[in-house]
Amino acid sequence: MKKNIAFIIYSLNSGGAERVVSTLSNGLSNVYNVTIITIINTKPFYQLNDSVNVISCESNANNKNNFITSLTTNYNIYKNIKNICKNQSIDILIGFMTTTNILTILAAKRLKKPVIVSERIYPVFGKLSKFWRIMRRITYPKTDVLVVQTKPILEYFNSYIKTERLKILANPISSKLIEAKNNIHIPKENIILNVGRLTNQKGQDIVIKAFSQINPSNWQLHLVGEGPKRKEYTNLINQLGMKDKILLTGRNNEISRYYLRSKIFVFPSRFEGFPNALTEAMYMGLPSISTDCPTGPSELIKDGMNGFLTPLNDINLFSEKIKELIDNTEMRDQMGRNAAKSVIHLEENKVVKEWQKLISVTLNNS
């Protein structure tokens, strides 16, 4: 008989964690009965298999006018998670993202069920209130397994969580992207691509300025994503006189076509957990230029071999590397081939097997 597993996440909007949960849910649905519990009710941005069950807590999760209201709201979310898991006879709870993880651990302990949680970002840069930082410190040591993506994140948590409860598992490249790479043939264009939310963390202002410094003829910069910095970046692009060459495309769930059309990928983040978009671009054979931010890019890119790493906020060097790749077709092609080979181990079926093994071991040990 199949075991019942539940992923718990804030929403199923577009985003790195949401993409990973969707990919894992699809991949694991052949082995388990998979439920995704969301804190708020949103239409899934990424396609899910029909067998994946989605249930919303339907709590007023945005109502955070003061501490007491926030506490009441989160207590109700905790109760909803607990009740849904009980009603669905969930055998193991799997949380994603910090505050959801904390509520998931509390619910799992109340239900006496095993629990795995996944931290998605380098905690040093996380914007958590003092209350949630204290709660993380109290609850995380009680999880059966904490999954992280990189060694620096593991070392951070190793200061107060037992080593045997920590596990590094990189994010999977979805089978839909793999299928697109193998079956869709689109002519390359002179496009430099960035994919990510328009936020300070993702650093699109760096690449906008870097691109405008060289202003290459017959090339465009496409920024795929949406976020709070849209207006600011639109103004910056206009000020630099680049509105015909730098395009803010908004969200797009056909991202594989952007990867296939483009010739260069740029990733100017100020910090990361594990860079999904960079991994995908490399898999699709794009030579990439990334900031050497904490954490992730330096574990993927060997500078000068399968891409370039530049120091944080170094616009001039970022600009130089863009020009270097624009001017050297042979280098672009070789780096792209090297990039694709270097991330094959992150294909969905391989990472899903690692998760399946982890879930099985955790269930057997409980």
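Rules and cut-offs
- Think of each chain on its own: its residues are numbered from 1, step by step along the sequence as written.
- The model is predicted, so local features are restricted to residues of pLDDT at least 70 and side-chain atom pairs to those at 80 or more, both for listing and for counting; the totals for chains, interfaces and linings are taken over all residues.
- Where side-chain values are given, they derive from all heavy atoms of the structure, hydrogens and water being excluded.
- One speaks of a salt bridge when a side-chain nitrogen belonging to Lys or Arg is within 4 Å of a carboxyl oxygen belonging to Asp or Glu.
- A helix here means a DSSP run of H or I that spans at least four residues, while a strand means a run of E at least two residues long, and both kinds are numbered starting from the N terminus.
- Burial here depends on accessible area, computed with a 1.4 Å probe over protein chains only, as a share of the maximum for the residue type. Under 20% is buried, over 50% is exposed, and the range in between is partly exposed.
- Definition of nonpolar core: a set of buried residues of the types Ala, Val, Leu, Ile, Met, Phe, Trp, Tyr and Cys, connected through side-chain atoms within 4.5 Å.
- Residue contacts follow a heavy-atom distance rule, with two residues in contact if any of their heavy atoms lie within 4.5 Å.
- For helices, the fitted line uses only the C-alpha atoms of the stretch in contact; every axis is such a line through C-alpha atoms, and the angle between N-to-C directions lies from 0 to 180 degrees.
- If an angle is under 35 degrees, it is roughly parallel; if it is over 145, roughly antiparallel; if it lies from 65 to 115, roughly perpendicular; otherwise it is oblique.

### Topic: the pattern of salt bridges
- For the structure shown, the criterion picks out 10 salt bridges.
- Linking Asp 205 and Arg 270 is a salt bridge whose minimum nitrogen-to-oxygen distance equals 2.9 Å. Of the two residues, Asp 205 is situated in helix α7 (residues 204-214) and Arg 270 in the loop between β11 (264-267) and α10 (276-283); the sequence distance between them amounts to 65 residues. Exposure class is identical for Asp 205 and Arg 270. Each is buried.
- Lys 229 is the partner of Glu 232 in a salt bridge, and the nearest nitrogen-oxygen pair spans 3.0 Å.

### Digging into the nonpolar core
- If you look at the biggest cluster of nonpolar residues, it comprises 54 residues, and the most contacted ones within it are Phe 7, Phe 96, Tyr 259, Phe 265, Trp 355 and Ile 359.
- Top element by residues in this core is helix α14 (residues 348-365). It accounts for six residues.
- Filtering out sequence-adjacent residues up to four positions away, Ile 359 remains in contact with Ile 5, Leu 28, Tyr 32, Ile 92, Ile 94 and Ile 116.
- Within the second largest apolar cluster, 34 residues are counted, among which are Cys 57, Ile 102, Ala 108 and Leu 128.

### Some points on the packing of helix α12 (residues 315-327) against helix α13 (residues 329-342)
- Contact geometry for α12 and α13: axes closest at 5 Å, N-to-C directions at 100°. One finds that α12 runs roughly perpendicular with respect to α13. Contact residues: Glu 324, Leu 325, Ile 326 and Asp 327 in α12; Thr 329, Met 331, Arg 332 and Met 335 in α13.

### Some points on the environment of Gln 334
- Inspection of the secondary structure puts Gln 334 in helix α13.
- C-alpha of Gln 334 to C-alpha of Met 305: the two residues are 29 residues apart in sequence and 8.3 Å apart in space.

### Focus on unusual backbone geometry
- A cis amide bond links Pro 294 to the next residue, Thr 295, at an omega of -10°.
- Mapped onto the fold, Thr 295 is located in the loop between β12 (288-291) and α11 (297-300).
- Unlike most non-glycine residues, Asn 215 shows phi in positive territory, near 40°.
- Structurally, Asn 215 is set in the loop between α7 and β9 (220-224).
- Even without a glycine there, the phi angle at Asn 313 is positive, about 60°.
- Here Asn 313 lies in the loop between β13 (307-310) and α12.
- Taking relative accessible area as the criterion, Asn 313 reaches 45% and is therefore assigned partly exposed.

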